[in-house]
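Survey of secondary and tertiary structure
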Amino acid sequence: MDNGTIYVRERGSLRRVSDIVLAQPKPVSSCRRTNPFALRKEHFIFTYNAEGSLRYTTKSLFDITLLFVADNIHHVDSLVGFPEQIGDRLFAAAEENRAFSNTDISPKALQLFSDAYGQMVLGSLCLRNRFPLLHERLDEIKTFHSLKSLDLFGCRLGDDHEIFQHLTSTSLANSLIWLFIGGNSLSDVGIQRLTAPIRMMRKGLDCLQLLDVSYNPISERALRYLTCLPKLEKLNVSGTSLKLGAALKTTVWNLLGLICSENPLDTFDHSRCKTEGWAEQVVNQWETSSSQMPKQKKIEASRTSALRFFGRQKFVREVLHAKPLVCESEEEAKRERLHFYRPAANNHILEKRVPCKINPQAKTSGHSVKKRQRQLERCDSSHHSPPTKRATSSALTAEDIDLLNSY
């Protein structure tokens, strides 16, 4: 306890543990004594009896041990195998000890809990229009590798952001189902870079079912890069360069097997997206502590962080003073929504003939009837199941090869 050499006995033998420094006792104001061997007040529970006299009882050994581990959470190697009830209490103790507010140990501590308890730590994360929080806590956010839903709408990602590598990593491949990246100034190049690891190495976003790329300057070219998502069922392209029409419906169906929804889909409603898990209050504390920082200090910290990511002073200055890309008016919010979804199996018969157009003048001749039958057969075969994905060799371009080399 005096920061000297620490020895551990394992299997009857004594070994030295190096490079481990236990947490220092806190000041007297936190109800701890400076002498570590003296009894500490936190080991006792103080109450009053019916007569008004002060009485105290000792805490259980479990509670004392839990507090000790929470104080030294950055020295713990693994929590895998510990019951989730213990993990929940230990996480609460570490949170109360403000371990997750310390930027030096918070990434390792959150990684420790995420590896052991996965979605219980954080199953859904909403960072909608919270640009500073994303860039200030990017290292901690990347430790949440069991997210089912991630909302990054209006976070100024641009076409080349570090978070893209995390989104397409194998750690999120089997968990991420909903992804919102609208309002981020993403162009066709950004969608290409985001999907490059998936199209080239066939890894990442294997379970993605819902994708929101609305209010980004993308065109139909970007839709071709989304063909690598095997389980995509719902797509939001509202506010983009795409215009609703028969040509767009046909293109989306041929590439992705999705049809246009007449009514807006509830799944793209922001009210359904929220932060859920043990770390919900931790995320709120990050934002609260960030907002309470002095303004100049906050700007300098954000500028330093952004310089690390982007490396261009002028670009950072513009980004720090920019507003998130959101709907600026009610009229824009009520504009036509472009929501696409994969039809149910029993709706294939109703929908499969929509893209195919047959000449109404072909009626009487046997040649015309046979031609129409062949057209219908091709239409049925093409719409009975969604179009197959393009082969890897045909999907790779010179730009893709350059991106692959960069990884």
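Residues numbered from 1 in each chain as written. Predicted model: local features only at pLDDT ≥ 70, side-chain atom pairs only at ≥ 80, totals over all residues. Heavy atoms only, no water.

Side note on the overall build of the protein chain
Counting its secondary structure elements, the protein chain contains 18 helices and 11 strands. Across the 407 residues of the protein chain, 39% fall into the buried class. Sequence-distant contacts, at least 24 apart, represent 74% of the contacts inside the protein chain between residues at least 6 apart. Roughly 23200 Å² of accessible area belongs to the protein chain as shown, and the carbon and sulfur atoms make up 51% of that amount. (Helix = DSSP H or I, 4+ residues; strand = E, 2+ residues; numbered from the N terminus. Buried < 20%, exposed > 50% of the residue type's maximum accessible area, 1.4 Å probe, protein only. Contact = heavy atoms within 4.5 Å. Areas by Shrake-Rupley, 256 points an atom, 1.4 Å probe, with all protein chains shown as cover.)

Quick notes on the confidence of the model for the protein chain
Confidence along the protein chain averages 75 in pLDDT terms, with 66% of residues attaining 70 or more. Across the protein chain, strand 8 (residues 210-212) holds the top mean pLDDT of 94, while helix 15 (residues 348-351) sits lowest at 42. Under a pLDDT of 50 for its full length, residues 27-39 has, in the predicted model, 18 contacts with residues more than four places off or in other chains. (pLDDT = per-residue confidence, 0-100.)

Points about the pattern of salt bridges
Summed over all chains, the structure comprises six salt bridges. A salt bridge links Arg128 to Asp151, with the nearest nitrogen and oxygen atoms 3.3 Å apart. Here Asp151 lies in strand 6 (residues 149-151) and Arg128 lies in the loop between strand 5 (124-126) and helix 4 (131-136), a separation of 23 residues in the sequence. (Salt bridge = Lys/Arg side-chain N within 4 Å of Asp/Glu carboxyl O.)

Structural notes on the nonpolar core
Core analysis: the largest hydrophobic core is formed by 70 residues, its most contacted members being Leu211 and Leu235. Residue contributions to this core peak at five residues, all from helix 3 (residues 106-117). Sequence-distant contacts of Leu211, that is, excluding residues within four places in its chain, are made with Leu179, Ile181, Leu226, Leu229, Leu232, Lys234, Leu235, Asn236 and Phe268. (Core = buried A, V, L, I, M, F, W, Y, C linked by side-chain atoms within 4.5 Å.)

A few points about unusual backbone geometry
Glycine aside, residues mostly have negative phi angles, and peptide bonds mostly take the trans form. Of note, the phi angle at Ser185 is positive, near 55 degrees, even though the residue is not glycine. Positionally, Ser185 belongs in the loop between strand 7 (178-180) and helix 8 (188-201). The residue Tyr215 is not glycine, and still its phi comes out positive at about 55 degrees. Residue placement: Tyr215 occurs in the loop between strand 8 and helix 9 (220-225). We classify Tyr215 as buried; its relative accessible area is 11%.

Here's the deal with the sheet that holds strand 9 (residues 234-236)
The strand order 5-6-7-8-9-11-10 describes an open sheet built from seven strands, whose pairing is mixed. Two strands bound the open sheet, and with one partner strand each, they are strand 5 and strand 10 (259-260). (Pairing = 2+ DSSP bridges.)

What about the packing of helix 2 (residues 84-96) against helix 3?
The packing of two helices is summarised by the inter-axis angle and the distance between the axes. One way to put it is that helix 2 packs onto helix 3 with a least axis distance of 11 Å and a crossing angle of 160 degrees. When the axes of helix 2 and helix 3 are compared, the pair comes out roughly antiparallel. In this structure, the crossing between helix 2 and helix 3 has a hand that is left-handed. On helix 3, the residues touching Glu84, Gly87, Leu90 and Phe91 of helix 2 are Leu110, Phe113 and Tyr117. (Axes fitted to C-alpha atoms, helices over the stretch in contact; angles between N-to-C directions. Parallel < 35°, antiparallel > 145°, perpendicular 65-115°, else oblique. Left-handed = near helix turned anticlockwise from the far one by under 90°.)

Concerning the side chain of Thr143
With respect to the secondary-structure elements, Thr143 resides in the loop between helix 5 (138-141) and strand 6. Apart from residues no more than four positions distant in its own chain, Thr143 is found in contact with Pro107, Leu110, Gln111 and Ser114.

What to know about the packing of helix 1 (residues 61-71) against helix 2
Look at helix 1 against helix 2: their axes get within 9 Å of each other, and the N-to-C directions meet at 60 degrees. If you check the angle between helix 1 and helix 2, you find them oblique. When the axes of helix 1 and helix 2 are compared, the crossing they make is right-handed. Here Phe62, Asp63, Leu66, Val69 and Ala70 of helix 1 come into contact with helix 2, specifically with Ile86, Arg89, Leu90, Ala93 and Ala94. Of the residues that constitute the contact of helix 1 with helix 2, the class distribution is eight nonpolar, no polar and two charged. (Nonpolar A, V, L, I, M, F, W, Y, C, P; charged D, E, K, R; others polar.)

Side note on the environment of Ile73
Relative to the helices and strands, Ile73 is located in the loop between helix 1 and helix 2. The spatial distance from the C-alpha of Ile73 to the C-alpha of Phe91 is 9.5 Å, given a sequence separation of 18 residues. Dropping the residues within four chain positions of it, Ile73 is found in contact with Leu90, Ala99, Ala109, Leu112 and Phe113.

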